[in-house]
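These are the residues of each chain, in order.
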Amino acid sequence: MNQPTQNSQTEALPSTASCSTIRNHNTLLQFGYKSLVFIVLSLSSFAISQAREVTLTWNDNSDNEAGFIIERSDNGETFALIAQTEANVSTYIDRTTRDDVDYAYRVKAFNATTSSGYTNKAAIRASVRHYLGQITGSTTGNFSLTANDKGGVTLFGTSGAFGDFSLESSIQQNQDGSFEFESDLLGPITATIDDGRLTASALGGLLSFSGDRIQANKRESSLQGIFNSVILHSPDGVCKILLSPDGTAKIDLTYNGRTHQITSILSTENSIDATISPGIHLSLNYSEGDSSFRGTLIEEESKTLEIVPVPNKNQSSTLTNASIRAQVSSNEKTMIAGLTLVGDGKKHALLRAIGPTLGDVAPDTNFLSDPSLNLYKRQTPLPNFSNDDWGNSTENEQLLHLSNAVGAFPLEDDSSDSAISVELSEGSYTAHIQSAIGAEGTALFEFYDLDEETDNQSTTNLTNISLRGEIGSADDVVIVGFAISGNSPKKVLLRAVCSELRNLGVTGPLTADPEILLFALDQFVTSNDNWEDGPTSLSETEKVVGAFPLEPNSNSSALEIWLNPGIYSAIVLSQGGAKGIALVELYDIPNP
């Protein structure tokens, strides 16, 4: 049987196709192709489905074939059957290819008893090529770059100094394989592609890019880009995924003071399962609804951390209720709680100063007798916002109704606790709680958001609550309670500041290490007794929320943590049991 060879007349290819001919003695395999690329693009990632038609043409030099066998390889070595034609056919169109995969083809004739030799191999280079590698130099990170024959380049990168970045640009590749494109963040980037490897530099050579070409997977669609998620209930919990079009995932995990960098593969179901280290397993699933990854991080089957997408600016969870329980001592005759509100309009709120009723809720408590509540804006007292003995207020029925509406524990009509309902505009306030009879003991200050109960449409929200007071152990601890309401995680910052208070003119700051213990209801979450053990992002976060920086080697503590909507409490205590003054703070960190 003769093997297929060249015809004297070649079938014409579409004018939109490119054509390549490879001769091997008297055999010819000719192909042409045209590409169709459909892209859905956002700032951080895109889903891509690519299709390409490859037209194969050969000469039929046999007169006794039953048909022809067409085989294809995507690695240049291993071929697989993709089609079988009838006799007297000399053309086949392959519609199952991708623009980002190299292919080679070969054809042979066959009949019932034998087959011919193969034609020569005809190779077609991908018109879209992907590169994955590392960023080194003045900062480190990972990158994924896609270049196409139409003169386009797409770059995704992650780095410590520059964060996440992405761009699309047009390029003109030179004969030596070099090209240049512009980045708003990094300036001109000069790159060279040589033998399947890409090298590039930016910032005058301070940054270097180096990566190998990768073959795309065989799925009909894949994901590419940078996907950011957070690890809940973990200080500094971050999960960053750089996903290349072949399904390779470069994953940076940071949580509980540990960092892991791993490489994994995205499954055909768009999920990732990886063992980080013995006993630690990561499981992620892609959600098309919000174009993000969710999942779990399991540590030795004893603790499961939830991984959720980073909320965007349009997702709103807020601090709706907050409270501080502390001692009013003989030295500090007044408990002063700070409040900060940010937004437009006035916030409707219920403020309460609880003393005697604590004796009913916690019978062993040495409660503050006859607490009075006075509200200040900056240093100016607000005479209409003060109370001593809520039952004697002309608004006691309304106060009782509002307390029930927000779920606050009830106050007896004849108790000497204090309460007021207020409308507060944006600004900083202080609530002064002290005994009207000069006593000392434990007091509880509460802030309840009333906007929902009063149908108020204000966008003003509580962003900070703080207390400067004496801290010890046992009954002398400070307890900060707070509630997060909304439909997305909220990042908060808790601080117990001590050493730095000397620079603020405060005498007697706590010299022992303060410890912050965080609970979700009665479930322990995490703790901190040294702020420098926390995330490196803490100094930047302090700038964002307007907090003064903590000093190196100070004894202060801090927790920067992502939390789901819910009810939380933080206990701040002196590890050594010694007493001293501390500033306890809770900040709402704005969404990135």
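The structure displayed is predicted, hence computed values, not measured ones.

Chemist: Would you mind going over the overall build of the protein with me for this structure?
Modeler: Along the backbone of the protein there are three helices and 40 strands. Counting the 592 residues in the protein, one finds 53% classified as buried. Contacts in the protein between residues at least 24 apart in sequence constitute 64% of all its contacts with a sequence separation of at least 6. For the protein, the accessible area works out to roughly 26900 Å², and carbon and sulfur atoms hold 46% of it.

Chemist: Even after reading the chapter, I still don't get the confidence of the model for the protein, so can you show me in this structure?
Modeler: Low-confidence regions, as indicated by low pLDDT, have predicted coordinates that should not be scrutinised in detail. In the predicted model, the protein carries a mean pLDDT of 84, and 89% of its residues have values of at least 70. Predicted confidence for residues 6–50 stays below pLDDT 50, and this span has 130 contacts to residues more than four positions away or in other chains.

Chemist: Honestly, the sheet that holds strand 5 (residues 80–86) in this entry has me stumped. Any pointers?
Modeler: Strands belonging to one sheet form pairs held by backbone hydrogen bonds; the direction of such a pair is parallel or antiparallel. Read across the sheet, four strands follow the order 5-4-7-8 without closing on themselves; strand pairing throughout is antiparallel. Only two strands of the sheet have a single partner each, and these edge strands are strand 5 and strand 8 (122–124). Neighbour to neighbour, the strand axes of the sheet diverge by 25 degrees on average, direction disregarded.

Chemist: Looking at this model, I keep getting lost on the sheet that holds strand 13 (residues 178–183). Mind explaining?
Modeler: Pairing is antiparallel across the open sheet formed by eight strands, whose spatial order is 12-11-10-9-16-15-14-13. Either end of the sheet is taken by a strand with one partner, and the two such strands are strand 12 (163–170) and strand 13. Geometrically, the sheet is characterised by an average inter-axis angle of 20 degrees between neighbouring strands, direction not taken into account. Note: strand 15 (residues 197–202) against strand 16 (residues 207–214), six bridges, orientation antiparallel. From the neighbouring strand, Arg-197 faces strand 16, where its bridge partner is Asp-212.

Chemist: How should helix 2 (residues 396–406) be read in this particular structure?
Modeler: Within the span of helix 2, buried status applies to Leu-399, Leu-402, Ser-403 and Val-406. Along the long axis of helix 2, the arc covered by the buried residues comes to 100 degrees, so they all point the same way. Projecting away from the buried face of helix 2 at angles above 90 degrees are the exposed residues Glu-397, His-401 and Asn-404. Among the structural elements, strand 27 (347–354), strand 30 (418–424) and strand 32 (441–449) are those in contact with the buried residues of helix 2. Two residues or fewer after helix 2 comes Gly-407, characterised by a positive phi angle close to 85 degrees.

Chemist: What should I look at first to understand the nonpolar core in this one?
Modeler: Note that soluble globular proteins tend to have their nonpolar side chains buried in a common cluster. Met-335, Ile-433, Phe-445, Val-478, Phe-482 and Leu-518 are the most contacted members of the largest nonpolar core, which totals 51 residues. The greatest single-element share of this core, amounting to five residues, is contributed by strand 25 (residues 317–328). Ignoring any residue separated from it by four or fewer positions in sequence, one finds Val-478 in contact with Ile-324, Arg-325, Ala-326, Leu-467, Glu-470, Ile-471, Ala-570, Ile-571, Val-572 and Val-584. If you look at the next biggest cluster of nonpolar residues, it comprises 23 residues, including Cys-239, Ala-249, Ile-272 and Tyr-286.

Chemist: Can you walk me through the pairing of strand 5 in this structure?
Modeler: Moving residue by residue along a regular strand, the side chains alternate between the two faces of the sheet. Summarising the sheet, strand 4 (residues 67–73) and strand 5 pair through six bridges and their orientation is antiparallel. In the sheet register, Ile-69 faces strand 5, and the bridge partner there is Gln-84.

Chemist: Sorry, what's going on with the environment of Ser-166 here?
Modeler: Its place among the elements puts Ser-166 in strand 12. Here the alpha-carbon distance between Ser-166 and Leu-185, two residues 19 residues apart in the chain, equals 9.3 Å.

Chemist: Could you clarify how one ought to interpret the pattern of salt bridges in this entry?
Modeler: Two side chains bearing opposite charge may form a pair once their charged atoms approach each other closely. Considering all chains together, one arrives at 19 salt bridges under this definition. A salt bridge links Arg-129 to Asp-149, with the nearest nitrogen and oxygen atoms 3.0 Å apart. A residue pair is termed long-range when its members are at least 10 positions apart, and Arg-129 in strand 9 (residues 128–137) and Asp-149 in the loop between strand 10 (141–148) and strand 11 (152–159) qualify at 20 residues. Note that Arg-352 is salt-bridged to Glu-446, the shortest N-O span being 2.7 Å. In this pair, Arg-352 sits in strand 27 while Glu-446 sits in strand 32, placing the two residues 94 residues apart along the sequence. Taken as a pair, Arg-352 and Glu-446 share a single burial class, namely buried. Each member of the salt-bridge network shares a partner with another, and the members are Arg-125, Arg-129 and Asp-149.

Chemist: Where do I start with the pairing of strand 40 (residues 580–589) in this structure?
Modeler: Within strand 40, 10 of the 10 residues are buried, which leaves the element mostly enclosed by the surrounding structure. The side-chain alternation of strand 40 yields two buried faces, one formed by Gly-580, Ala-582, Val-584, Leu-586 and Asp-588 and the other by Ile-581, Leu-583, Glu-585, Tyr-587 and Ile-589. Alignment of strand 33 (residues 461–471) against strand 40, held across eight bridges, turns out to be antiparallel. Pairing of Asn-464 across the sheet is with Tyr-587, part of strand 40.

Chemist: Sorry if this is basic, but what is going on with the environment of Thr-454 here?
Modeler: Locating Thr-454 in the fold gives a position in the loop between strand 32 and strand 33. Taking the relative accessible area as the measure of exposure, Thr-454 reaches 32% and is therefore partly exposed. Here the alpha-carbon distance between Thr-454 and Leu-402, two residues 52 residues apart in the chain, equals 9.2 Å. Within the local environment of Thr-454, its side chain forms a polar contact with the side chain of His-348, the two groups lying 2.9 Å apart.

Chemist: Teacher, can you tell me more about helix 3 (residues 538–545) here?
Modeler: An α-helix turns once per 3.6 residues; consequently, residues spaced three or four apart project the same way. Taken residue by residue, helix 3 has Leu-538, Thr-541, Glu-542 and Val-545 as its buried positions. One side of helix 3 carries all its buried residues, which in axial view fall inside an arc of 105 degrees.

Chemist: What's the story with the packing of aromatic side chains in this structure? I'm lost.
Modeler: For any pair of aromatic rings, the description consists of the separation of the ring centres together with the inter-plane angle of the planes. In total, this model carries nine aromatic pairs according to the counting rule given. Centre to centre, the rings of Phe-482 and Tyr-568 are 5.6 Å apart; their planes meet at 20 degrees, and the pair counts as stacked. Placement of the pair is Phe-482 in strand 34 (residues 478–486) and Tyr-568 in strand 39 (residues 566–574), with a sequence separation of 86 residues. Judged by its relative accessible area of 3%, Phe-482 is buried. Judged by its relative accessible area of 5%, Tyr-568 is buried. Here Arg-106 stacks its cationic end above the ring of Phe-79, 4.2 Å away from the centre of that ring. Above the face of the Tyr-118 ring, Arg-106 is positioned so that its terminal group lies 3.8 Å from the ring centre.

About the cut-offs
- Residues numbered from 1 in each chain as written.
- Predicted model: local features only at pLDDT ≥ 70, side-chain atom pairs only at ≥ 80, totals over all residues.
- Heavy atoms only, no water.
- Helix = DSSP H or I, 4+ residues; strand = E, 2+ residues; numbered from the N terminus.
- Buried < 20%, exposed > 50% of the residue type's maximum accessible area, 1.4 Å probe, protein only.
- Contact = heavy atoms within 4.5 Å.
- Areas by Shrake-Rupley, 256 points an atom, 1.4 Å probe, with all protein chains shown as cover.
- pLDDT = per-residue confidence, 0-100.
- Pairing = 2+ DSSP bridges.
- Axes fitted to C-alpha atoms, helices over the stretch in contact; angles between N-to-C directions.
- Arc of directions from axis to C-beta.
- Core = buried A, V, L, I, M, F, W, Y, C linked by side-chain atoms within 4.5 Å.
- Salt bridge = Lys/Arg side-chain N within 4 Å of Asp/Glu carboxyl O.
- Polar contact = N/O pair within 3.5 Å; in protein donor to acceptor, adjacent residues only side chain to side chain.
- Phe/Tyr/Trp six-rings, centres within 6.5 Å; stacked < 30°, edge-to-face > 60°.
- Lys NZ or Arg CZ within 6 Å of the ring centre and 35° of its normal.

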